[in-house]
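Examination of the molecular architecture
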Amino acid sequence: SCLSMLKQDMLGLNTLTIVAEAMDLNKNITLPSTYDDERVYETINKSQLGLFQFEGAGVAETCRQIQPRNFEELTDVTALARPGAQDSGDTKHYINRKFGLESVEYDHPLLEPILEKTYGAIVYQEQAMRIVTDFAGMSAADADTIRKGIGKKIQAIFDEYYPKFIQACLDRGISQDIAETVFKKMEASASYSFNKAHAVSYTALTYITGYLKTYYPIEFYIALLNNTDNEDKRMQIYNEMKNSGYLIHNPDINISKDTIVSTNDNNVYLSFN
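Residues numbered from 1 in each chain as written. Predicted model: local features only at pLDDT ≥ 70, side-chain atom pairs only at ≥ 80, totals over all residues. Heavy atoms only, no water.

1. Observations concerning the side chain of Thr-62
On the secondary structure map, Thr-62 appears in helix α3 (residues 57–66). In this structure Thr-62 comes out as buried when scored by relative accessible area, which is 1%. Apart from the residues lying within four places of it in its own chain, the contact partners of Thr-62 are Val-77, Leu-80, Ala-81, Gln-86 and Thr-91. (Helix = DSSP H or I, 4+ residues; strand = E, 2+ residues; numbered from the N terminus. Buried < 20%, exposed > 50% of the residue type's maximum accessible area, 1.4 Å probe, protein only. Contact = heavy atoms within 4.5 Å.)

In structure tokens:
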């Protein structure tokens, strides 16, 4: 029965606090209006420390392998670093094809405009839905139902729509072998693939943290340290700061405060807390 209640999932995001604190430290900071700065991508590819969603070993390694140079590729890293994409081989294919180690092949010419930006790999749920509509010629409603059925592993939906997909392809002159091959690939990817809108929103914050690290590094590092409790990670941050030319000092009675502070000469003083 209906209880007339609304359930809301609210997730706290430490990264937003880090961005806000960096901006508080320097009132001249403005967030980027575009996501195409080459220097930011150089920063992201050099070190993933402090970058939203990119610090884990798996995604950091995927980033280093793909070496994203634009926002589209950066978004792909977010999606391809997931265990499902790694296990399916899509991540490996994407990397090999990007760097010319493997040729890009499509099971049918109609798939090229759908998959060309991801080198033939089905990375996003939206691509699976376009396969249903643009390749098989089915409706958008059918595409969404198939996406839900595959993603949530609802066998009844699969049993109903698999033959419909095959028949829709046959009606368009696509052979049964190709139709079955494409559906199986779509089925394999849809069980783990990202919603692209979700990936883009994640990646926008990744880029913003990369932007701050590039153009406002001291503010970024201090905000990062002020919001990091893990001692191992703090040591990583200290080491990266030292390698960037900053001098880390113990608390100073005349300079230090309750949070980490810096002077104008690249000296950083730890807090009393």
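2. Describing the sheet that holds strand β1 (residues 247–249)
In a beta sheet, neighbouring strands pair by backbone hydrogen bonds and run either parallel or antiparallel. The strand order β1-β3-β2 describes an open sheet built from 3 strands, whose pairing is mixed. This sheet does not close on itself; its edge strands, each paired only once, are β1 and β2 (261–262). Of the pairings in the sheet, the one linking β1 to strand β3 (residues 267–269) comprises 3 bridges and is parallel in character. Each bridged residue has a counterpart across the sheet, and for His-249 the counterpart in β3 is Tyr-269. (Pairing = 2+ DSSP bridges.)

3. What to know about helix α2 (residues 38–46)
Burial in α2 covers these residues: Val-40, Tyr-41, Thr-43, Ile-44 and Asn-45. Tucked into the core, α2 has its buried residues touching α3, α4 (71–80) and α12 (196–215). Where α2 starts, the residue carrying a side-chain oxygen 2.8 Å from the main-chain nitrogen of Arg-39 turns out to be Asp-37. (Polar contact = N/O pair within 3.5 Å; in protein donor to acceptor, adjacent residues only side chain to side chain.)

4. Concerning the environment of Tyr-207
With respect to the helices, strands and loops of the structure, Tyr-207 is situated in helix α12. For Tyr-207, a relative accessible area of 1% puts it in the buried group. Considered as a pair, Tyr-207 and Tyr-106 are 101 residues apart in the sequence and their alpha carbons are 31 Å apart. Setting aside its immediate chain neighbours within four residues, Tyr-207 contacts Pro-32, Thr-34, Tyr-35, Asp-36, Asp-37, Val-40, Tyr-41, Ile-44, Phe-71 and Leu-74.

5. What to know about the packing of aromatic side chains
Taken as a whole and judged by the stated rule, the model has 15 aromatic pairs. Linked through ring pairs, Phe-135, Phe-158, Tyr-162, Phe-165 and Phe-183 together constitute an aromatic cluster. The ring of Tyr-161 has Lys-164 lying over it, and the distance from NZ or CZ to the ring centre is 4.8 Å. (Phe/Tyr/Trp six-rings, centres within 6.5 Å; stacked < 30°, edge-to-face > 60°. Lys NZ or Arg CZ within 6 Å of the ring centre and 35° of its normal.)

6. Focus on the packing of helix α1 (residues 14–25) against α12
Relative to each other, α1 and α12 sit at 35 degrees, their axes nearing to 11 Å. Where α1 crosses over α12, the handedness of that crossing is left-handed. From α1, Thr-15, Leu-16, Val-19 and Ala-22 reach across to α12, where they touch Leu-205, Ile-208, Thr-209 and Leu-212. For the contact of α1 with α12, the residue count by class is 6 nonpolar, 2 polar and no charged. (Axes fitted to C-alpha atoms, helices over the stretch in contact; angles between N-to-C directions. Left-handed = near helix turned anticlockwise from the far one by under 90°. Nonpolar A, V, L, I, M, F, W, Y, C, P; charged D, E, K, R; others polar.)

7. Examining the nonpolar core
Across soluble globular proteins, nonpolar side chains have a tendency to be buried as a group. Of all hydrophobic cores here, the largest spans 51 residues; its most connected members are Ile-44, Phe-54, Tyr-207, Leu-212, Ile-237 and Met-241. For this core, the secondary structure elements donating two or more residues are α1, α2, α3, α4, α6 (90–98), α12, α13 (217–226) and α14 (231–243). Formed by 25 residues, the second largest nonpolar core is a distinct cluster that contains Leu-111, Val-182, Met-186 and Ala-190. (Core = buried A, V, L, I, M, F, W, Y, C linked by side-chain atoms within 4.5 Å.)

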